[in-house]
Amino acid sequence: MLRSSINGLPERRRGELRRRLTGKGPVVFCEAHNGLSAMISENAVSTTGEKFDGHWVSSLTCSAARGLPDMEIYVAERRLEMIEEICFATGNPVIVDADTGGDAVSLEYLIRRLEVLGVSAVVVEDKRHPKRNSLDGTELDHLEEPSVFARKIRRAKAAMLTDDMMFISRLESLIAGGNLSDALSRAETYIQAGSDGIMIHSKDQTPDEVFAFADAFQELRSSFDKYIPLMCVPTTYNTVNVQDLGVRGFDIVVHANHLLRAAHMAMSSTCQQLLESGMSAVLDNKISPVKDLFSQTGYYDAMERDNRVIEGA
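Undergrad: Which parts of the structure should I look at to understand the pattern of salt bridges?
TA: Two side chains with opposite charge may pair up if their charged atoms get near one another. Applying the stated rule across the entire model yields 21 salt bridges. Of the charged contacts, one joins K157 and D196 as a salt bridge, the two residues approaching to 2.7 Å between their closest N and O atoms. Separated by 39 residues along the polypeptide, K157 in helix α7 (residues 146–159) and D196 in the loop between α8 (180–192) and β6 (197–200) bring together distant segments of the chain. Here the salt bridges share partners, and the residues they tie into one network are R12, E16, R19, R20 and D53.

Undergrad: I would appreciate a short explanation of the packing of helix α5 (residues 76–89) against helix α6 (residues 104–117) in the present structure.
TA: A packed helix pair is summarised by two numbers, namely the angle formed by the two axes and the spacing between the axes. One can describe the packing of α5 onto α6 by two numbers: an axis separation of 10 Å at closest approach and a directional angle of 20 degrees. As judged from the angle between their axes, α5 and α6 are roughly parallel. Judged by the twist between their axes, the crossing of α5 over α6 is right-handed. Every residue of α6 that contacts α5 at E77, L80, I83, E84 and C87 is listed here: L110, R113, L114 and L117. Grouping the constituent residues of the contact of α5 with α6 by class yields six nonpolar, no polar and three charged.

Undergrad: Is there a simple way to explain a nonpolar patch on the surface in this structure?
TA: Residues L36, I40, V290, L293, F294, Y299, Y300 and M303 make up a contiguous nonpolar surface patch of about 700 Å² in total accessible area. If you list the elements that add at least two residues to the nonpolar patch, you get α3 (35–43), α12 (290–297) and α13 (299–312). Residue V290 is classed as exposed on the basis of its relative accessible area, which comes to 53%.

Undergrad: Is there a simple way to explain α8 in this structure?
TA: Owing to its 3.6 residues per turn, the α-helix aligns residues three or four sequence positions apart on the same side. With 13 residues, α8 extends 18 Å between its outermost C-alpha atoms, agreeing within 8% with the 18 Å of an ideal straight helix rising 1.5 Å per residue. Residues of α8 that are buried: A183, L184, R186, A187, Y190 and I191. Across the axial projection of α8, the buried residues extend over an arc of 160 degrees, all falling on one side. Along α8, the residues that are exposed and aim more than 90 degrees away from the buried face are S181 and Q192. Where α8 begins, the side chain of N179 points an oxygen toward the backbone nitrogen of S181, at a separation of 3.3 Å. Immediately downstream of α8, the backbone of G194 shows phi near 120 degrees, a positive value.

Undergrad: In this structure, what is going on with the side chain of R170? I would like to understand it.
TA: In this fold, R170 is placed in strand β5 (residues 166–171). Of note is the side chain of R170, whose polar atom sits 2.8 Å from the side chain of E172. When sequence neighbours within four positions are dropped, the list of residues in contact with R170 reads D97, V123, V124, E125, D126, S134, M199 and H201.

Undergrad: How do you make sense of the packing of α7 against α8 when you look at a structure like this?
TA: Between α7 and α8, the least distance of the axes is 9 Å, while the angle of their chain directions is 30 degrees. One finds that α7 runs roughly parallel with respect to α8. Relative to α8, α7 is oriented so that their crossing is right-handed. The residues of α8 that touch α7, namely those facing P146, F149, A150 and I153, are R186, T189 and Y190.

Undergrad: Is there a simple way to think about the nonpolar core in this case?
TA: The biggest cluster of nonpolar side chains holds 55 residues, and the ones touching the most others in it are I198 and F213. It is helix α9 (residues 208–221) that contributes the most residues to this core, six residues altogether. If we ignore the near neighbours within four places in the chain, the residues touching F213 are L171, L180, A183, L184, A187, I198, I200 and L230.

Undergrad: Can you help me understand the packing of aromatic side chains in this one?
TA: Aromatic ring pairs are described here by two measures, namely the spacing of the ring centres and the angle between the planes. Under the defined criterion, the tally for this structure stands at five aromatic pairs. Centroid distance F213 to F217: 5.6 Å. Interplanar angle 20 degrees. Geometry classified as stacked. With F213 and F217 both in helix α9, this residue pair falls four residues apart, about one helical turn. Members of the aromatic cluster, connected to one another through ring pairs, are F294, Y299 and Y300.

Undergrad: Help me out: how do you make sense of α7 in this one?
TA: Along its 14 residues, α7 runs 20 Å from first to last C-alpha, staying within 8% of the 20 Å computed at 1.5 Å per residue. Tucked into the core, α7 has its buried residues touching α6, β4 (121–125), β5 and α8.

Rules used throughout
Residues numbered from 1 in each chain as written. Predicted model: local features only at pLDDT ≥ 70, side-chain atom pairs only at ≥ 80, totals over all residues. Heavy atoms only, no water. Salt bridge = Lys/Arg side-chain N within 4 Å of Asp/Glu carboxyl O. Helix = DSSP H or I, 4+ residues; strand = E, 2+ residues; numbered from the N terminus. Axes fitted to C-alpha atoms, helices over the stretch in contact; angles between N-to-C directions. Parallel < 35°, antiparallel > 145°, perpendicular 65-115°, else oblique. Left-handed = near helix turned anticlockwise from the far one by under 90°. Contact = heavy atoms within 4.5 Å. Nonpolar A, V, L, I, M, F, W, Y, C, P; charged D, E, K, R; others polar. Patch = residues over 30% accessible without salt bridge, like charges linked within 9 Å, V, L, I, M, F, W, Y side chains within 5 Å. Areas by Shrake-Rupley, 256 points an atom, 1.4 Å probe, with all protein chains shown as cover. Buried < 20%, exposed > 50% of the residue type's maximum accessible area, 1.4 Å probe, protein only. Expected span 1.5 Å × (residues − 1). Arc of directions from axis to C-beta. Polar contact = N/O pair within 3.5 Å; in protein donor to acceptor, adjacent residues only side chain to side chain. Core = buried A, V, L, I, M, F, W, Y, C linked by side-chain atoms within 4.5 Å. Phe/Tyr/Trp six-rings, centres within 6.5 Å; stacked < 30°, edge-to-face > 60°.

Structure below.
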């Protein structure tokens, strides 16, 4: 759809996450891996009127959507094309999952390109390049040395031309089998290096360890002269709701990969049914009508504009 909102302009979108963080309750972001998925999540509304606050551009889902493993082998320029596509499709703020960010020079260039696109925040994890997916058994020896990661933060922040875009440090201590003390120590080091926010990651089935971190983090962030937002991705501990996460001190909550996982299941089932039945009629009540795709992507609006031009000629 051809957007008319100024919210989609880079200079407006870039600082939108910071503005929304000043409101009540946590902001909630949903994964997007292409323009259509961003449109769908932007237009989703609950029965009580809740909407997503923005889009999480996941390295896992963007890689998987292109038939690639989540191992930081997705070429940066191709990834930037996808991020640009998502930014064009939506007026909501965008947070980019940047994996390890690569080496410091690569991260500097990535930061500058994302800032130009109007991305609101970049999340970089404190693991050594090339990364391996956190849900697949990260070990302590894969973590980056805090001092090395802190230098990367300082380089990234220095590359930014404005104060609008946020750098959020993703802590992998708990994922890798480390303890709460290590996670808090890393958080303090990264904030001192200039990190604008902290994401604590966990693969536990319960939220106990992230709640323990959140409780301890309250005291840590009170020692700084600026408010440091806390972020979580409750993929594995998914029985806790957004409101409870907010009560425990989380400012940003991300549903990180659910749209592509839903699409994967639906497409797999659709292929099986087409093969079994030999005809597509069995899917009529299970797939979206073509007209819904036309409507979502702005085809009818474009035709209407064409008709107005012809009628006015």
